[in-house]
Amino acid sequence: MNYLPVFFRSITAVAVVLLFQMCQPNNEQAKGNPPMEGFNEAASDAKAIQLADSVMAAQGGRQSWDNTRYIAWNFFGNRKLLWDKATGDVRVEYLKEDAKTLVNINTGEGKVYRNGTELTQPDSVAKYLQRGKEAWVNDSYWLVMPYKLKDSGVTLKYLGEETTQAGQPADVLQLTFDKVGVTPENRYKVFVDKETKLVSQWAYFPSANDTVPAFVMPWQDYKMYDGIKLSGDRGQAKITDIQVLKEVPKEAFTSFAPVQL
């Protein structure tokens with residue numbers, strides 16, 4: 001027989017219900033951030049998926065990300081990129097050589113400018129178009145990785161709580177990949193700030209079996225860009241000239257001439 005007074009039995013029942021609700025995934029948040037086709041949901045754990053959904057919400061939300069059209073940025077002073085998320089068109093300007101590439105990352109088609117002239121030899125064009133696509137794969141991940149936690153080929157695992165190099169508590173996600181990207185053998189540890197739910201640090205492992213990361217860098221100094229939050233500060237390295245745009249000149253993806261954004 002239960003000898004607890006009715007009042008305390010009621011409080012206990014309410015506490016149990018609240019505890020149960022706190023342990024459940026945020027269904028509305030998950031519905032608002034469906035995985036990309038090919039995301040390995042079966043091998044990912046529920047805590048990791050729930051955390052990824054929290055990151056998406058903190059970054060501005062899936063709808064804002066989906067509605068984002070053009071993103072421009074300067075990748076560590078090496079390249080300037082302009083990306084049309086809707087069409088897959090990308091403009092890559094190499095800042096340390098006389099070279100520009102206009103490539104569609106979905107079709108692989110485009111054109112290449114090097115050393116004062118447009119290339120026409122098919123093998124050379126194909127080589128530099130692939131180089132341009134790989135530049136976009138790398139450079140965009142350094143900028144928008146938090147929006148890609150549930151991308152195709154990704155498996156997410158929750159590794160527990162750790163402290164960042166800055167001394168802040170964080171929940172840690174592990175990202176591994178299957179047959180996607182340029183280097184699918186990579187592994188990342190992604191640190192999510194426990195209060196803001198923003199990515200605050202990442203650790204990069206060239207091989208999923210590596211136990212020591214090749215580098216650990218912060219994600220800091222977030223700013224809002226037309227509805228989405230982006231960070232360009234990686235500690236000693238900086239992504240600069242970040243812009244989120246609704247319109248760009250039509251010739252940005254067709255002409256090698258300078259473009260004013």
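Above this text you will find the structure in question.
I will try to describe carefully the structure that is included in this document. (Residues numbered from 1 in each chain as written. Predicted model: local features only at pLDDT ≥ 70, side-chain atom pairs only at ≥ 80, totals over all residues. Heavy atoms only, no water.)

On to the overall build of the protein. The secondary structure content of the protein amounts to five helices and 14 strands. Carbon and sulfur atoms form 53% of the exposed surface of the protein, whose accessible area is close to 14,200 Å². (Helix = DSSP H or I, 4+ residues; strand = E, 2+ residues; numbered from the N terminus. Areas by Shrake-Rupley, 256 points an atom, 1.4 Å probe, with all protein chains shown as cover.)

Looking now at the sheet that holds strand β7 (residues 154-163). Spatial ordering of the open sheet is given by β7-β8-β9-β10-β11, a layout of five strands whose pairing is antiparallel. The sheet is open, and its two borders are formed by β7 and β11 (215-218), each paired with just one other strand. In this sheet, neighbouring strand axes are inclined to one another by 20° on average, regardless of whether the strands run parallel or antiparallel. As paired strands, β7 and strand β8 (residues 169-177) are joined by nine bridges and run antiparallel to one another. Each bridged residue has a counterpart across the sheet, and for T155 the counterpart in β8 is T176. Here helix α3 (residues 46-58) sits on the sheet and contacts β7, β8, β9 (187-193) and β10 (199-205); the angle it forms with β7, its principal contact strand, is near 85°. (Pairing = 2+ DSSP bridges. Axes fitted to C-alpha atoms, helices over the stretch in contact; angles between N-to-C directions. Contact = heavy atoms within 4.5 Å.)

Assignment of secondary structure puts D171 in strand β8. For the pair D171 and K194, spaced 23 residues apart in the sequence, the C-alpha separation amounts to 6.3 Å. Not counting the four nearest positions on each side in its chain, D171 is found in contact with L51, Y158, G160, E161, V190, F191, V192, K194 and K197. A distance of 3.1 Å separates polar atoms of two side chains, one belonging to D171 and the other to K194. (Polar contact = N/O pair within 3.5 Å; in protein donor to acceptor, adjacent residues only side chain to side chain.)

Next up on the list: helix α5 (residues 122-144). The periodicity of an α-helix, 3.6 residues per turn, causes residues three or four places apart in sequence to face the same way. Spanning 23 residues, α5 covers 32 Å between terminal C-alpha atoms, matching the ideal 33 Å at 1.5 Å per step. Buried within α5 we find V125, Y128, L129, G132, A135, W136, D139, S140, Y141, W142, L143 and V144. (Expected span 1.5 Å × (residues − 1). Buried < 20%, exposed > 50% of the residue type's maximum accessible area, 1.4 Å probe, protein only.)

Moving on, we come to the sheet that holds strand β4 (residues 99-104). Hydrogen bonds between backbone groups are what pair the strands of a sheet, and the pairing can be parallel or antiparallel. As summarised here, the arrangement of the nine strands in space is β6-β5-β4-β3-β2-β1-β14-β13-β12, forming an open sheet in which the pairing is antiparallel. Of all the strands in the sheet, the pair left with one neighbour each is β6 (117-118) and β12 (220-225). The pairing of strand β1 (residues 70-75) with strand β14 (residues 237-245) spans five bridges and is antiparallel. Bridge pairing links Y70 to L245 in β14.

Okay, α3 next. Given a rise of 1.5 Å per residue, 13 residues ought to cover 18 Å, and the 18 Å separating the end C-alpha atoms of α3 matches this to within 8%. G60, located one to two residues past α3, shows a positive phi value of around 130°.

The residue L159 is located in strand β7 in this model. Between the C-alpha atoms of L159 and K47, which are 112 residues apart in sequence, the distance is 9.6 Å. If near-sequence neighbours (up to four positions away) are discounted, L159 is found in contact with V172, Q174 and K189.

Take T155: it is sitting in strand β7. Polar contacts involving the side chain of T155 include one to the side chain of N40, which spans 3.2 Å. Sequence-distant contacts of T155, defined by excluding residues within four places in its chain, comprise N40, A43, S44, Q174, L175 and T176.

Its volume calculated, the second largest pocket comes out at about 200 Å³. The wall of the second largest pocket is formed by A72, W73, N74, K80, L81, L82, R91, E93, D241, Q243, V259 and L261. Looking at side-chain class alone, the lining of the second largest pocket contains six nonpolar, two polar and four charged residues. (1 Å grid on protein atoms, 1.4 Å probe; cavity = no way out; pocket = protein on both sides within 12 Å on 5 of 7 lines; lining within 4 Å. Points joined across faces, edges and corners; volume = space filled by probe spheres on them. Nonpolar A, V, L, I, M, F, W, Y, C, P; charged D, E, K, R; others polar.)

Just distances and angles here, no functional claims.
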